[in-house]
Amino acid sequence: MKKILAISVVALALLILNSCEGNKVMNRVVKYEHNGTTEMILLGEFEKSQLLTKNFKSWYEEEYNSYPLDSEKIARLKKYSKDYSMEIFLGTWCPDSQREVPAMLKILEAINFPDGRMKLYGVNRDKKSFYGEEINKDIRWVPTFIIYEKRQEIGRIVESPSGNSLEEDLLKIFSKEDYTPNYAED
């Protein structure tokens with residue numbers, strides 16, 4: 001009887017642990033202390049709609065609306081839009097992220113890049129996310145846009161375009177031309 005009870009308890013514990021694994025919290029906005037100030041940041045995976053909430057909307061909308069799309073490059077990028085996936089690591093506290101992420105999201109929307117193939121991760125000033133999504137991905141500057149083909153990284157844009165525009169950098173990565181991101185030699 002004790003043996004059956006012990007097995008039942010272990011089975012119940014395993015069932016509870018397995019059911020909790022899938023409950024990943026997304027859209028986490030946290031208070032973050034830095035140099036004596038408190039700011040609200042997105043930490044961990046989040047949906048792009050979170051950038052339109054009160055803490056981030058002003059800078060996001062301003063940059064998104066003011067970014068001029070390169071229609072010729074957008075037309076060329078459209079043929080690649082369903083072939084790749086992307087992870088975007090950003091700091092909502094970071095001026096580079098506040099400038100480049102709205103522009104990239106505007107480009108991705110213009111080329112009909114599937115939302116299901118893009119993941120957004122907020123990091124703190126130490127470049128750490130909530131669940132450790134940055135581990136083994138060499139995230140030292142934000143934003144970092146990592147482009148994948150069949151789960152293999154094929155390129156990344158780090159902090160800002162290394163060419164003339166995000167569209168140009170994406171075209172080089174998507175078409176597998178020679179491309180070197182910022183800080184590649186570090």
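Residues numbered from 1 in each chain as written. Predicted model: local features only at pLDDT ≥ 70, side-chain atom pairs only at ≥ 80, totals over all residues. Heavy atoms only, no water.

Quick notes on the environment of glutamate 168
- Position of glutamate 168 relative to the elements: it lies in helix H5 (residues 166-174).
- Residue class for glutamate 168 comes out buried when judged on its relative accessible area of 16%. (Helix = DSSP H or I, 4+ residues; strand = E, 2+ residues; numbered from the N terminus. Buried < 20%, exposed > 50% of the residue type's maximum accessible area, 1.4 Å probe, protein only.)

Concerning the pattern of salt bridges
- Within the structure shown, the criterion is met by 15 salt bridges.
- With a shortest N-O distance of 3.2 Å, glutamate 45 and lysine 24 are connected by a salt bridge. Here glutamate 45 is found in strand S3 (residues 44-46), whereas its partner lysine 24 is found in the loop between helix H1 (2-21) and strand S1 (29-34), with 21 residues between them in sequence.
- A residue is classified by how much of its surface remains accessible, and glutamate 45, at 11% relative accessible area, is buried.
- Aspartate 138 is the salt-bridge partner of arginine 140, the closest N and O atoms lying 2.8 Å from each other. (Salt bridge = Lys/Arg side-chain N within 4 Å of Asp/Glu carboxyl O.)

Examining the side chain of serine 81
- With respect to the helices and strands, serine 81 occurs in the loop between helix H3 (71-78) and strand S4 (85-90).
- Given a relative accessible area of 2%, serine 81 falls into the buried group.
- One polar contact links the side chain of serine 81 to the main-chain carbonyl oxygen of isoleucine 111, over a distance of 3.1 Å.
- Setting aside its immediate chain neighbours within four residues, serine 81 contacts Ile111, Asn112, Phe113 and Pro114. (Polar contact = N/O pair within 3.5 Å; in protein donor to acceptor, adjacent residues only side chain to side chain. Contact = heavy atoms within 4.5 Å.)

Observations concerning the sheet that holds strand S7 (residues 152-158)
- Spatial ordering of the open sheet is given by S3-S5-S4-S6-S7, a layout of five strands whose pairing is mixed. Looking at which strands have only one partner, the edges of the open sheet turn out to be S3 and S7. Looking at each pair of strands side by side, their axes are set apart by 25 degrees on average, direction ignored.
- Sheet topology note: the strand S6 (residues 144-149)/S7 ladder contains six bridges and is antiparallel. Note that in S7 the partner of tyrosine 148 across the bridge is glutamate 153. (Pairing = 2+ DSSP bridges. Axes fitted to C-alpha atoms, helices over the stretch in contact; angles between N-to-C directions.)

Some points on the packing of aromatic side chains
- Enumeration over the complete set of coordinates arrives at eight aromatic pairs.
- When the centroid spacing of 5.9 Å and the interplanar angle of 55 degrees are considered together, the rings of tyrosine 80 and phenylalanine 174 count as tilted. Of the two residues, tyrosine 80 sits in the loop between H3 and S4 while phenylalanine 174 sits in helix H5, which places them 94 residues apart along the sequence. Accessibility assignment for this pair places tyrosine 80 and phenylalanine 174 in one class, buried.
- Measuring from centroid to centroid gives 4.0 Å for tryptophan 141 and tyrosine 183, while their planes differ by 10 degrees, and the two rings are stacked. Residue tryptophan 141 is located in the loop between strand S5 (118-122) and S6, and its partner tyrosine 183 is located in the segment after H5; the two are separated by 42 residues in the primary sequence.
- Overall, the relative accessible area of 28% leaves tyrosine 183 in the partly exposed class.
- Each residue in the set Trp59, Tyr60 and Tyr64 is aromatic and connected to the rest through ring pairs, giving one cluster.
- The positively charged end of arginine 28 is found above the aromatic ring belonging to phenylalanine 130, 3.5 Å away from the centroid. (Phe/Tyr/Trp six-rings, centres within 6.5 Å; stacked < 30°, edge-to-face > 60°. Lys NZ or Arg CZ within 6 Å of the ring centre and 35° of its normal.)

As for H3
- Within the sequence span of H3, burial applies to Lys73, Ile74 and Leu77. Along the axis of H3, the buried positions cluster into a sector of 105 degrees, meaning they face one direction only. Exposed and oriented more than 90 degrees from the buried face of H3 are Ser71 and Ala75.
- If you follow the buried residues of H3, they end up packed against helix H4 (95-110) and H5. (Arc of directions from axis to C-beta.)

Brief notes about the packing of H4 against H5
- Closest axis-to-axis distance for the H4/H5 pair is 10 Å, and the angle between their directions is 60 degrees. Regarding the angle of H4 to H5, the classification is oblique. Between H4 and H5 lies a crossing whose hand is right-handed. Here Glu100, Ala103, Met104 and Ile107 of H4 lie close against H5, whose contacting residues are Leu166, Glu167 and Leu170.
- Counted by class, the contact of H4 with H5 contains five nonpolar, no polar and two charged residues. (Parallel < 35°, antiparallel > 145°, perpendicular 65-115°, else oblique. Left-handed = near helix turned anticlockwise from the far one by under 90°. Nonpolar A, V, L, I, M, F, W, Y, C, P; charged D, E, K, R; others polar.)

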